Amino acid sequence: MSTTVTPDSPPLPAQEPGGQRRSPASPAPPAPPAPRAARPHVVAFDLIRLVIMAFVVGVHTLAFGGGQVTVVLGAVTTIFHTSRELFFLLTALVLTYNYGHRGQVRWLRFWRRRYWLVVPAYVAWSLIYYAFDGPGRGPFPAAFARDLLHAGARYHMYFLLVTMQVYLLFPVLRWVLRKTAGHHVALFAAACVYQLALTAALQHHLVRTGPVAEWLNGAGSGVWLDSYVLYVVGGAIAGWHFEQICAFTRRHASARTVSLVAGIGVVAGLGAYFAEICLGGATPAAASAVFQPVVVVEALAFGWALLAGGLLWSDRGAPHRKFFAAGSASSFGIYLAHPLVLQGLLYVAGAVGVLAAVRGAPAVLELLALLCVAVPVVYGASWLIASAARRTPLSLLLTGREYRPAGDRRGLWRPRLMATLTRRTLILAVAFVCTFGVASFASANIISELQRTTYTATYSMKVGTMTRSYEVIGPVAALPDSAPVIVVLSGIAAPVSYEVKRDYLTPYVNTGQAELVYPVGYKMSWNAGGCCGQAAQHDVDDVAFITSLVAAVDPGHRHPIYVVGYSNGGRLAYKLACSAPGLFDGTAVVKADPDPGCVVSRSLTILQIAALDDTAVPYAPGDKGRESPPATVQVAALRAVDGCSESSAKTPHSAMTLTTWADCSSGARVGFAVWNSGGHGFPWPQGSTPSAAQVIWSFFTKTALAPLPK
């Protein structure tokens, strides 16, 4: 391990070839036993951490930067999805490498030290993301507490929650390793069997009802340790036998071997991916899911290839080592910050039209733009943020690393600082901060309550074996019976807070004219048939959920109740029209087509919203687009079901044209709003061009198109 030890590490004791220390030349008085030094730093880990972080940033950029999951995007995603498994392998390996063979570990001290580096960052970043999302996320502190319990602040916070579970149970894991010494191959095999069975059940829906199904539903959320047993156990076994594994790897590792093993992982992942699509009829999103049996093969192959590559790099002098060491030191901060950077980049790219152009490009060009431009930008910007934060007293909160001023490598600043503060000063400071915080919070909430015209509340209900939730935004004053309740089905991968900002419907609540209901999709997706996301993959019964929700939010049907669905949510709106006709008094579908198996056969009042340059839903036959049928063909089919004549009212509104058919024999109405541009995005107000919210409100309420309420 000479090439893997840092120059700062303490020298290893000199030994004879037989393994015994050399006797001193002359007798010396026995020295008191020195405390056990920390094990030397493994330089190869620096390279490994940076590669895994590239996988993390890559998979999130593809998931949220790309449009609908194409075959090409899904193929790369199925490779990058191994990032979480690799992280847990590395986490357990490093823990066991450092603590596995120690004689006695003070576990309270161990937990105090480990949680000190994770919990503040977990709370701080959960609060940052909560604040960034605004009040649409739910009332404080209930929604924030829910985020902490379920890692709900952002899609990547699960890693911190699971890591804390690993720390909690590490003494048990260490005990198991000691008790099973000599049988670690059998232990590893048992963990493999468990992981394969779990992922097979999740991917292929082997159990649908009963307690096991509920447990699988929790395991599929990915926020509990039972989802990653193999990778924690496998990493711990690797850490326990680290020297032997390194020796084996050095004997067999070469650039060709590393490429071969990594290639085996890639071929296995892509083979399973294309088999599910071509033979199983799965969508690219479902075929590239993170929890499936082939990920076991991918993760173990990539894990060994990364270790071998890291050892080869370190054994050859670790070129550019300072660069990789700096990246490794900032990796936790990069992980914490990159979703915020990605969200900001997508917002800017969407505002200037770049995002629509990228999503509308051919699949290969879209992939290249995301991987070669977006990923380096997100990675680099997150690295800069993490590096800058590490040089401030906020380092612990923002990067999980204690702040040390320049030149103070031994952390002497802390005792010097504490020596200047008396107990009385500390007590007064804590009392002041607590009093000021409580007073500020109370006064802000009192003022907010006095001025508030709307409320936001979160509710849950049991639907089958699942607990589903929804958020209601309504006026504080009683809602008139004539005012509508509007159920909004969000697009894929969009939390409720983002959908609230995107659809511009809240002004109608602020003025007491409507109540909005936002159902929460399963892992931010809806099961609308063959597409898209994990709701379809897990065959979630979203029709039953929305049907139960309507009865809960408007018992007795006192109010007109409408549904608005965007993209994946629009598909579900169509599925509801096919499966539960008459549930809503009107439907607005924003840039979506029904699933091929869904054919609307009963009349309904419906508004179809489209764009001439939408590359997901083509405007007319022959136009570019991934879905079918074109918007004009779908509107013609709706008119035929409603018995509408050719007579229509067509009204241009700057860059949007609204066409309505109000003479349908069924008494229903059909509307068709078309924007000249905007791609697959939700139409926002731009100058004299109205937003989709204005058109939807006008259509539902049979009123003239008007500006948004102020």
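Just so you know, these numbers come straight off a predicted model, no measurement behind them.

Undergrad: I'd like to hear about the environment of Thr 703, residue by residue, with values.
TA: Within the secondary structure layout, Thr 703 lies in the segment after helix H28 (692-701). In this structure Thr 703 touches Trp 697 and Ser 698, once residues within four positions along its chain are discounted. Reaching out from Thr 703, the side chain makes a polar contact with the side chain of Thr 701 at a distance of 2.8 Å.

Undergrad: I'd like a description of the environment of Ala 301, backed by residues and values.
TA: Tracing the backbone through its elements, the reader meets Ala 301 in helix H14 (residues 294-315). Here the alpha-carbon distance between Ala 301 and Ile 264, two residues 37 residues apart in the chain, equals 7.0 Å. Excluding residues within four positions of it along the chain, Ala 301 makes contact with Val 261 and Gly 265.

Undergrad: Summarise the packing of helix H3 (residues 83-99) against helix H10 (residues 229-240); cite the residues concerned and give the values.
TA: With their axes 7 Å apart at the nearest point, H3 and H10 run at an angle of 40 degrees to one another. In terms of orientation, H3 and H10 fall into the oblique class. Relative to H10, the crossing made by H3 is right-handed. Mapping the contact onto sequence places Glu 85, Phe 88, Leu 89, Ala 92, Leu 93, Thr 96 and Tyr 97 in H3 and Tyr 231, Val 232, Gly 234, Gly 235, Ala 236, Ala 238, Gly 239 and Trp 240 in H10. Its residues assigned to classes, the contact of H3 with H10 shows 10 nonpolar, 4 polar and 1 charged.

Undergrad: Describe the state of the cysteines, naming the residues involved and giving the relevant values.
TA: Evaluation of the coordinates by the stated rule reveals 2 disulfides. Cys 578 shares a disulfide with Cys 598; S-S distance 2.0 Å. Residues Cys 578 and Cys 598 are joined by a disulfide whose S-S torsion is about 85 degrees; by sign, that bridge is right-handed. Placement of Cys 578 in helix H26 (residues 568-579) and of Cys 598 in the loop between strand E6 (586-590) and strand E7 (606-611) is noted, with a sequence separation of 20 residues between them. A relative accessible area of 25% means that Cys 578 is categorised as partly exposed. For Cys 598, a relative accessible area of 12% puts it in the buried group.

Undergrad: Go over the pairing of E7 with me, naming the residues and quoting the values.
TA: Most of E7 sits out of view: 6 of its 6 residues are buried. Burial along E7 is two-sided: the residues Ile 606, Gln 608 and Ala 610 and Leu 607, Ile 609 and Ala 611 are all buried. Pairing of E6 with E7 involves 4 bridges; the strand directions are parallel. Residue pairing in the sheet places Val 589 in a bridge with Gln 608 of E7. Where E7 meets strand E10 (residues 670-675), 6 bridges bridge the pair, whose relative direction is parallel. Bridge pairing links Ile 609 to Ala 673 in E10.

Undergrad: Run through the pattern of salt bridges, naming residues and quoting values.
TA: One pass over the structure, following the stated rule, counts 8 salt bridges. Residue Glu 499 is joined to Arg 502 by a salt bridge in which the shortest nitrogen-to-oxygen separation is 2.4 Å. Residue Glu 499 and its partner Arg 502 are both found in helix H22 (residues 496-503); the two are separated by 3 residues, about one turn of the helix. The buried category is assigned to Glu 499, whose relative accessible area is 1%. Classification of Arg 502 by relative accessible area gives buried; the value is 10%. The partner of Arg 571 in a salt bridge is Glu 627, with the nearest N and O atoms 3.8 Å apart. Taken as a pair, Arg 571 in helix H26 and Glu 627 in the loop between E7 and helix H27 (631-642) lie far apart in primary sequence, 56 residues in all. Using a relative accessible area of 11% as the deciding quantity, one classes Glu 627 as buried.

Undergrad: Break down the packing of helix H5 (residues 119-133) against helix H6 (residues 142-150) for me, with residues and values.
TA: Closest axis-to-axis distance for the H5/H6 pair is 10 Å, and the angle between their directions is 135 degrees. Overall, the two elements H5 and H6 adopt an arrangement that is oblique. Handedness of the H5/H6 crossing: right-handed. From H5, Tyr 122, Val 123, Ser 126, Leu 127 and Tyr 130 reach across to H6, where they touch Ala 143, Phe 144, Asp 147 and Leu 148. Split by residue class, the contact of H5 with H6 holds 7 nonpolar, 1 polar and 1 charged.

Undergrad: A description of the sheet that holds strand E3 (residues 485-489) should follow, citing residues and the corresponding values.
TA: Taken together, 10 strands build an open sheet; the order of strands is E1-E2-E4-E3-E5-E6-E7-E10-E9-E8 and the sheet is mixed. Of all the strands in the sheet, just strand E1 (454-463) and strand E8 (649-653) have a single pairing partner and so form its edges. Between one strand axis and the next, the sheet turns through 15 degrees on average, direction left out of account. For E1 and strand E2 (residues 466-475), the ladder comprises 10 bridges, and the chain directions are antiparallel.

Procedures and definitions
- Residues numbered from 1 in each chain as written.
- Predicted model: local features only at pLDDT ≥ 70, side-chain atom pairs only at ≥ 80, totals over all residues.
- Heavy atoms only, no water.
- Helix = DSSP H or I, 4+ residues; strand = E, 2+ residues; numbered from the N terminus.
- Contact = heavy atoms within 4.5 Å.
- Polar contact = N/O pair within 3.5 Å; in protein donor to acceptor, adjacent residues only side chain to side chain.
- Axes fitted to C-alpha atoms, helices over the stretch in contact; angles between N-to-C directions.
- Parallel < 35°, antiparallel > 145°, perpendicular 65-115°, else oblique.
- Left-handed = near helix turned anticlockwise from the far one by under 90°.
- Nonpolar A, V, L, I, M, F, W, Y, C, P; charged D, E, K, R; others polar.
- Disulfide = S-S within 2.5 Å.
- Buried < 20%, exposed > 50% of the residue type's maximum accessible area, 1.4 Å probe, protein only.
- Pairing = 2+ DSSP bridges.
- Salt bridge = Lys/Arg side-chain N within 4 Å of Asp/Glu carboxyl O.

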